[in-house]
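This is what each chain is made of:
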Amino acid sequence: MTQRRSIIAGVGSYLPERVVTNDDLAQTVETSDEWITGRTGIRQRRFAAEDEMTSDLAYQAALRALEHAGVPASDVDLIVLGTATPDHTFPATATRVQNMLGIRHGAAFDVQAVCSGFVYAISVADNFIRAGQAKTALVIGAETFSRILDWEDRTTCVLFGDGAGAVVLRAEDLPAGADPTAARGILSTHLRSDGAYKDLLYVDGGPSSTRTVGHVRMEGREVFRHAVTNLAEVVGESLAANGLTQDDIDWLVPHQANKRILDGTARKLKLAPEKVVVTVDRHANTSAASIPLALDEAVRDGRIQRGQLVLMEAMGGGFTWGACLARW
Ligand code: ACO
């Protein structure tokens, strides 16, 4: 029996034009470049223009991913978009992107897993493809986190940025007799969540609770502690599920929350720092967008090569966390 899987056929990303450095922030927030760089590795971030919405960033990233894949938008029969900053409470931002791309068939919906949004979205799309319910999926992570920051709270407002990234997944049958871990495509995805930690990272508003949008609230130190442990655990699970070890990983493309979390995770996995794709210095934490933004950079500059093993992992509010292992 043939086994169907998802191939990552193309990747694309988009950053808004406006660059905001730590020194720019220090003009209005009681902070410094030294503090932000030292604690987080962040040097700058991008912020969307006043009239730019999450769907606008997502659309640009989607166009670039489709072009990279050489796939026409008309082939797309599924759009899964990870975001915690949708254009509107409803309809889903994914349907807006679907419309911008001129697609009127298939299905489009959002996934809410905050910083794990991209890993959740790619897992959902991969399962649709494996089940035969979709053939060509657009998986997007897109955020305008600048809209939910409290500029009076220096412990959170310096950490985040805006952006979008996307991948195109195509259904492909594994050749008869092929080694599933050596063949191209997504090997497996692993999702976890635990709502008991809601109070450590959340937004203090919403349509049903306060009828407002709210602002990001975070117990940074506690989140940091859980992130390194949870990420190492889910990465171990993904490797074990495929009979692989950390020595098999060519590239770690992690969610970009904080350089110290990236270093801590790499150390736990005994991975050389050169194998970790880092963009947090220039993008800050773009939540669901950070993995496809980093992936796009490393694919386009030639670091990630065909046949290499790429591990993506993320943790975010909820808590939610997860990993995706793919052969490029
Ligand atoms: N500028 C200057 N000083 C600041 C700032 C700032 N922006 N923010 C906090 N401080 C001060 C605090 O007031 C405190 O001062 P005090 O000692 O006089 O009370 C001091 O710096 C230390 O504050 P802590 O919060 O203890 O600093 P910590 O070393 O824990 O670093 C940080 C904070 C960077 C948020 C860290 O905890 C962290 O990275 N946590 C991970 C959370 C994260 O990245 N979340 C992203 C979303 S979740 C995810 O994506 C995984």
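Structure shown above.
Thresholds, definitions, all that
Residues numbered from 1 in each chain as written. Predicted model: local features only at pLDDT ≥ 70, side-chain atom pairs only at ≥ 80, totals over all residues. Heavy atoms only, no water. Axes fitted to C-alpha atoms, helices over the stretch in contact; angles between N-to-C directions. Helix = DSSP H or I, 4+ residues; strand = E, 2+ residues; numbered from the N terminus. Parallel < 35°, antiparallel > 145°, perpendicular 65-115°, else oblique. Left-handed = near helix turned anticlockwise from the far one by under 90°. Contact = heavy atoms within 4.5 Å. Nonpolar A, V, L, I, M, F, W, Y, C, P; charged D, E, K, R; others polar. Salt bridge = Lys/Arg side-chain N within 4 Å of Asp/Glu carboxyl O. Buried < 20%, exposed > 50% of the residue type's maximum accessible area, 1.4 Å probe, protein only. Disulfide = S-S within 2.5 Å. Phe/Tyr/Trp six-rings, centres within 6.5 Å; stacked < 30°, edge-to-face > 60°. Lys NZ or Arg CZ within 6 Å of the ring centre and 35° of its normal.

Let's talk about the packing of helix α3 (residues 54-69) against helix α4 (residues 93-100)
Okay, so step 1: Here α3 crosses α4 at 50°, and the two axes come no closer than 9 Å. Considered as vectors, α3 and α4 are oriented oblique to each other. Here α3 and α4 pass one another in a crossing that is right-handed. Here α3 contributes Thr54, Ser55, Asp56, Ala58 and Tyr59 to the contact with α4, which in turn contributes Thr93, Arg96, Val97 and Met100.
Okay, so step 2: Partitioning the contact of α3 with α4 into residue classes produces four nonpolar, three polar and two charged.

A closer look at the pattern of salt bridges
Okay, so step 1: A complete count under the given rule lists 15 salt bridges for this structure.
Okay, so step 2: Here arginine 225 and glutamate 222 are joined by a salt bridge, their closest N and O atoms 2.8 Å apart. With arginine 225 and glutamate 222 both in helix α7 (residues 220-241), this residue pair falls three residues apart, about one helical turn.
Okay, so step 3: A residue is classified by how much of its surface remains accessible, and arginine 225, at 48% relative accessible area, is partly exposed.
Okay, so step 4: You can call glutamate 222 partly exposed: its relative accessible area is 31%.

Here's the deal with the state of the cysteines
Okay, so step 1: Taken as a whole and judged by the stated rule, the model has zero disulfides.
Okay, so step 2: No disulfide involves cysteine 157; its sulfur sits 16 Å from the nearest other cysteine sulfur, which is in cysteine 115.
Okay, so step 3: With no disulfide partner, cysteine 324 has as its closest neighbouring cysteine sulfur the one in cysteine 115, 17 Å distant.

Quick notes on the packing of aromatic side chains
Okay, so step 1: Per the counting criterion, the structure on display carries four aromatic pairs.
Okay, so step 2: Summarising the aromatic geometry, the rings of phenylalanine 109 and phenylalanine 128 are spaced 6.1 Å apart at their centres and angled 45° between planes, so their arrangement reads as tilted. One end of the pair, phenylalanine 109, is in strand β5 (residues 107-111); the other, phenylalanine 128, is in helix α5 (residues 117-130), with 19 residues separating them in the sequence.
Okay, so step 3: The exposure class of phenylalanine 128 is partly exposed, given its relative accessible area of 25%.
Okay, so step 4: On the basis of an interplanar angle of 25° and a centroid distance of 4.8 Å, the ring pair of phenylalanine 145 and phenylalanine 160 is categorised as stacked. Of this pair, phenylalanine 145 sits in the loop between β6 (136-144) and α6 (154-157) while phenylalanine 160 sits in the loop between α6 and β7 (162-173); the two residues are 15 residues apart in sequence, bridging distant segments of the chain.
Okay, so step 5: By relative accessible area, which is 3% here, phenylalanine 145 ends up buried.
Okay, so step 6: Among the residues examined, phenylalanine 160 registers a relative accessible area of 4% and is labelled buried.
Okay, so step 7: It is lysine 198 that lies over the ring of tyrosine 202; its NZ or CZ is 4.8 Å from the centre.

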